[in-house]
Amino acid sequence: MDVYFQTEKRYITYVVRILEGYEHLGVVTTTDPAAGIARVRATSDTAATVREILQSLAIPLTLLPENIAAKTSQTKKDVVE
């Protein structure tokens, strides 16, 4: 279960480090680095915890619906190919 979020691109590494500190919650991958959109590959057991952690961070961060974020990343792939 993927959790998508958007933040300023300067905060992506910060989010990665925070989630790495929790271990085994998920893996962060940027889907649109220029727009600051990233995905956390989580499991159904860890997705709620990932959302809670992301929402608790003291940075500007918005959780995105999966359908919108996935569409954005697919559009980027189409442009590159």
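Residues numbered from 1 in each chain as written. Predicted model: local features only at pLDDT ≥ 70, side-chain atom pairs only at ≥ 80, totals over all residues. Heavy atoms only, no water.

Here we look at the pairing of strand β1 (residues 2-7)
Alignment of β1 against strand β3 (residues 37-42), held across five bridges, turns out to be antiparallel. Pairing of D2 across the sheet is with R41, part of β3. Across four bridges, β1 lies against strand β4 (residues 61-64) in antiparallel orientation. What sits directly across from F5, in β4, is L63. (Pairing = 2+ DSSP bridges. Helix = DSSP H or I, 4+ residues; strand = E, 2+ residues; numbered from the N terminus.)

Structural notes on the sheet that holds β4
By way of backbone hydrogen bonds, the strands of a sheet pair with one another, either parallel or antiparallel. Here four strands make up an open sheet; going across it, the order is β2-β3-β1-β4 and the pairing antiparallel. Where the open sheet ends on each side, the last strands, each with one partner, are β2 (26-32) and β4. For this sheet, the mean inter-axis angle between neighbouring strands, taken without regard to orientation, is 30°. (Axes fitted to C-alpha atoms, helices over the stretch in contact; angles between N-to-C directions.)

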